[in-house]
Amino acid sequence: MSSDTETLPQIEIESATRVQEDLDHGYLVICWDDPVNLMEYVTHVFQAVFGWNKERAKRHMLKVHNNGRSVLTRESMERAEHYVHELQKYNLQATMERDR
Amino acid sequence: MKLLESTEHDLIFGMTPSQQATFERILREYPVNPDKQTAISRTRDDDELTEEQELLEEAMAERRTDNRRDVRNFLREPGRFEQQDDEVRLRLRRTRVNWLLEVLNEIRVGHWHQLGSPEIEETVLTPENLEQYISMQLSAEFQMVLLDALNGARE
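The rules behind the values
- Residues numbered from 1 in each chain as written.
- Chains lettered and ligands numbered in written order.
- Predicted model: local features only at pLDDT ≥ 70, side-chain atom pairs only at ≥ 80, totals over all residues.
- Helix = DSSP H or I, 4+ residues; strand = E, 2+ residues; numbered from the N terminus.
- Buried ≥ 20, exposed ≤ 12 C-beta atoms within 10 Å, placed from the backbone.
- Axes fitted to C-alpha atoms, helices over the stretch in contact; angles between N-to-C directions.
- Parallel < 35°, antiparallel > 145°, perpendicular 65-115°, else oblique.
- Left-handed = near helix turned anticlockwise from the far one by under 90°.
- Contact = placed C-beta atoms within 7 Å.
- pLDDT = per-residue confidence, 0-100.
- Nonpolar A, V, L, I, M, F, W, Y, C, P; charged D, E, K, R; others polar.
- Core = buried A, V, L, I, M, F, W, Y, C linked by C-beta atoms within 7 Å.
- Expected span 1.5 Å × (residues − 1).
- Pairing = 2+ DSSP bridges.

**Observations regarding the overall build of chain B**
Consideration 1: Scanning chain B for helices and strands turns up 4 helices and 4 strands.
Consideration 2: Counted from the first residue to the last, chain B has its helices and strands arranged as β-β-α-α-β-β-α-α.
Consideration 3: Considering only C-alpha atoms, chain B reaches an extent of 60 × 40 × 30 Å along its principal axes.
Consideration 4: Within chain B, the proportion of its 155 residues that are buried is 22%.

**Description of the environment of Glu86 of chain A**
All names here are of chain A.
Consideration 1: Its location among the elements puts Glu86 in helix H4 (residues 77–89).
Consideration 2: Exposure remark for Glu86: the 17 C-beta atoms within 10 Å place this residue in the partly exposed category.
Consideration 3: Put simply, Glu86 and Met61 are 25 residues apart on the chain and 16 Å apart in space, counted from C-alpha to C-alpha.

**Overview of the packing of helix H2 (residues 39–50) of chain A against helix H3 (residues 54–67) of chain A**
In a pair of packed helices, the angle between the axes and the distance between the axes together describe the arrangement.
All names here are of chain A.
Consideration 1: Orientation of H2 relative to H3, taken along the N-to-C sense of each, is 130°, at an axis distance of 8 Å. Our classification of the angle between H2 and H3 gives oblique. When you trace H2 past H3, the crossing you get is right-handed. Here Met39, Val42, Thr43, Phe46 and Gln47 of H2 come into contact with H3, specifically with Lys54, Ala57, Lys58, His60, Met61, Val64 and His65.

**Things to note about the confidence of the model for chain A**
Residue and element names in this part refer to chain A.
Consideration 1: Mean pLDDT over chain A: 85, with 76% of residues reaching 70 or higher.
Consideration 2: The least confident element of chain A is helix H1 (residues 2–25), whose mean pLDDT is 52; the most confident is H3, at 98.
Consideration 3: Taken together, the stretch residues 1–6 has pLDDT below 50 and engages in 0 contacts with residues farther than four places along the chain or on a different chain.

**Looking at the interface of chain B and chain A**
Consideration 1: Opposite the 26 residues of chain B that make contact, chain A presents 18 residues.
Consideration 2: Only helix H2 (50–76), helix H3 (94–114) and helix H4 (130–154) of chain B provide two or more residues apiece to the side of chain B that touches chain A.
Consideration 3: Looking at which element gives the most residues to the side of chain B that touches chain A, the answer is H3 of chain B, with 8 residues.
Consideration 4: For the side of chain B that touches chain A, the per-class residue count stands at 13 nonpolar, 6 polar and 7 charged.

**So, the packing of H4 of chain A against H2 of chain B**
Consideration 1: In contact at an axis separation of 10 Å, H4 of chain A and H2 of chain B are set at 35° when each is read in the N-to-C sense. The element H4 of chain A and its partner H2 of chain B pack so that their crossing is right-handed. Touching Glu81, Val84, His85, Gln88 and Lys89 of chain A of H4 of chain A are Glu52, Leu56, Ala59, Met60 and Arg63 of chain B, all from H2 of chain B.
Consideration 2: Residue classes in the contact of H4 of chain A with H2 of chain B are distributed as 4 nonpolar, 2 polar and 4 charged.

**Some thoughts on the nonpolar core**
Residue and element names in this part refer to chain A.
Consideration 1: Core analysis: the biggest nonpolar cluster contains 39 residues, and Val29, Val45, Val84 and Leu87 have the highest contact counts within it.
Consideration 2: Residue contributions to this core peak at 5 residues, all from H2.
Consideration 3: Non-local contacts of Leu87, meaning those with residues more than four positions away in its chain, are made with Cys31, Val45, Val49, Leu92 and Ala94.

**What to know about H2 of chain A**
Residue and element names in this part refer to chain A.
Consideration 1: For H2, which comprises 12 residues, the first-to-last C-alpha distance of 17 Å matches the rise-based estimate of 16 Å (1.5 Å per residue) to within 8%.
Consideration 2: Within H2 the residues assigned to the buried category are Tyr41, Val42, Thr43, His44, Val45, Phe46 and Val49.
Consideration 3: Gly51 lies just past H2 and shows a positive phi near 70°.

**Some points on the sheet that holds strand E2 (residues 69–75) of chain A**
Across a sheet, paired strands are connected by hydrogen bonds in the backbone, their directions being either parallel or antiparallel.
Residue and element names in this part refer to chain A.
Consideration 1: The sheet built from 3 strands is open, its strands ordered E2-E1-E3 with antiparallel pairing. Taken across any chain shown, the strands that pair with only one partner, and hence form the sheet edges, are E2 and strand E3 (93–98). Strand after strand, the sheet turns through a mean of 25° between neighbouring axes, direction not considered.
Consideration 2: Across 6 bridges, strand E1 (residues 27–32) lies against E2 in antiparallel orientation. Among the inter-strand pairings, Val29 is bridged to a residue of E2, identified as Thr73.
Consideration 3: Here H3 sits on the sheet in contact with E1 and E2, set at roughly 130° to E2.

Here's what the structure looks like:
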């Protein structure tokens, strides 16, 4: 019994620390430029995935096109992962990067 | 292929029989490059996001399996293409247009990868890759018709 009571709190502390670190830093969801995805298509995907209006979606699309990338949002690990899955489902080059 | 009518739930397109044949041929190519690598992050350390990387690969593989089945069903569905005089009509639920865009784009991107991921205008054409290049560009043509239809319907 004593060994159990010593181990469990340690796990909780480690887990809590990781959650806290994830919240502190967060993850940036980034879309990277490529020569193949049509500009209109990228705009459409941003609207579909984030529910943005056309103007906002287009602004990010142009940022990707002109600067090579655009930071689309900053999220917890779980939400960032969700967005990366959604964007990659549409074949956009999207990744999540730790906001250091 | 062009938009003929836009209703609350449907978009109706008109095309020639030859365009229909091309449209079906392109869709049957799905998936073009099923083993394509996907990366969850460009800067991750070896031990970071490993589980997330695996989940992404699994999700993409499942998505391709579902899409492959859905493309087959889409093309087989009775009444999908309706002959009217010398024109063929394609009726799409609005919710389906988004899916079709995704599929056409994956076909385009798959061909592009197999062509060596070139800048589109700088693609070196050879007798061996010409067909692939044409499929890539035709996918884009169909995508643009769908995107224009959606944009027109949104405005």
